[in-house]
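# Commentary on secondary and tertiary structure
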Amino acid sequence: LEFDLEMEEGSIDLSAVTIEAQRPVSAASSKAIRDFDLKIKPARSAQDLLQLVPGLVIAQHAGGGKAEQIFMRGFDADHGTDVGIYVDGMPVNMVTHGHGQGYADLHFVIPEIIEGLEVFKGPYFARFGNFGTAGSVDLTTTDHPEKNLVKMEGGMFNTAKATTVLKIPTNGSHQSAYVAGQYYH
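Let me begin by describing the structure that accompanies this report. (Residues numbered from 1 in each chain as written. Predicted model: local features only at pLDDT ≥ 70, side-chain atom pairs only at ≥ 80, totals over all residues. Heavy atoms only, no water.)

## A short note on a negative patch on the surface
Residues Glu 2, Asp 4, Glu 6 and Glu 8 make up a contiguous surface patch of negative charge. Along the chain, the position of Glu 6 falls in the segment before strand 1 (30-33). The exposure class of Glu 6 is exposed, given its relative accessible area of 79%. (Patch = residues over 30% accessible without salt bridge, like charges linked within 9 Å, V, L, I, M, F, W, Y side chains within 5 Å. Areas by Shrake-Rupley, 256 points an atom, 1.4 Å probe, with all protein chains shown as cover. Salt bridge = Lys/Arg side-chain N within 4 Å of Asp/Glu carboxyl O. Lys, Arg positive; Asp, Glu negative; His and termini not counted. Charge placed at Lys NZ, Arg CZ, Asp CG, Glu CD. Helix = DSSP H or I, 4+ residues; strand = E, 2+ residues; numbered from the N terminus. Buried < 20%, exposed > 50% of the residue type's maximum accessible area, 1.4 Å probe, protein only.)

Following this line, the structure appears as structure tokens:
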């Protein structure tokens, strides 16, 4: 079979065609946990905040006192070996540690001052270095706490926790300072 096509020269007016779309907030490999999710889900520790990350599972083996076991996207990241963890852009993973390279202990983080959580899955983000094989998580602390906070908690096995966030008065509307502390026993 043979076809002979004859084309005519012409133009099409595209001035009436408008294509609009919202820019995606993030790629499939990255996600920002919404402020709303951080406020409605109770968080006793920074590890509870990490559990908001889709595909990240935390377990504590051999009791407390050390960083939790992290599993992300099928990786057994031990205590942070393959998951880069940051607080305000500062790396938490220890390059050398007696328990393993990349040990990431988040027990110093006070969950009440965390206002954002960004997740980057996979080794696609060079800025996170060699610990970001399975992914990376960056926690952001607040610059402007909404209010002062004094909170006392108690639980089973004689556990007690006291948390304080105190705003320091400043002169400028764009200035902010606060002191935060937490005691856990």
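Read on, since the account is not over.
## Overview of unusual backbone geometry
Backbone geometry places Asp 88, a non-glycine residue, at a positive phi of 55°. Checked against the element boundaries, Asp 88 lands in the loop between strand 5 (83-87) and strand 6 (90-91). Given a relative accessible area of 45%, Asp 88 falls into the partly exposed group. Positive phi outside glycine occurs at Asn 158, with the angle close to 60°. Turning to its location among the elements, Asn 158 is positioned in the loop between strand 9 (149-155) and strand 10 (159-167).

## Quick word on the nonpolar core
If you look at soluble globular proteins, the nonpolar side chains tend to sit buried side by side. Core analysis: the biggest nonpolar cluster contains 25 residues, and Leu 50, Leu 56, Ile 85, Leu 106 and Leu 139 have the highest contact counts within it. In this structure, Ile 85 is in contact with Leu 50, Ile 70, Met 90, Pro 91, Val 92, Asn 93, Ala 104, Leu 106, Val 137 and Leu 139, ignoring residues within four places of it in sequence. (Core = buried A, V, L, I, M, F, W, Y, C linked by side-chain atoms within 4.5 Å. Contact = heavy atoms within 4.5 Å.)

## What about empty space enclosed by the protein?
Within the structure shown, the criterion is met by one cavity of 30 Å³ or more. Taken as a whole, the largest cavity encloses approximately 40 Å³ of empty space. As for the largest cavity, its lining consists of Gln 47, Leu 50, Ile 58, Glu 68, Ile 70, Ile 85, Ala 104 and Leu 106. Broken down by class, the residue content of the lining of the largest cavity amounts to six nonpolar, one polar and one charged. (1 Å grid on protein atoms, 1.4 Å probe; cavity = no way out; pocket = protein on both sides within 12 Å on 5 of 7 lines; lining within 4 Å. Points joined across faces, edges and corners; volume = space filled by probe spheres on them. Nonpolar A, V, L, I, M, F, W, Y, C, P; charged D, E, K, R; others polar.)

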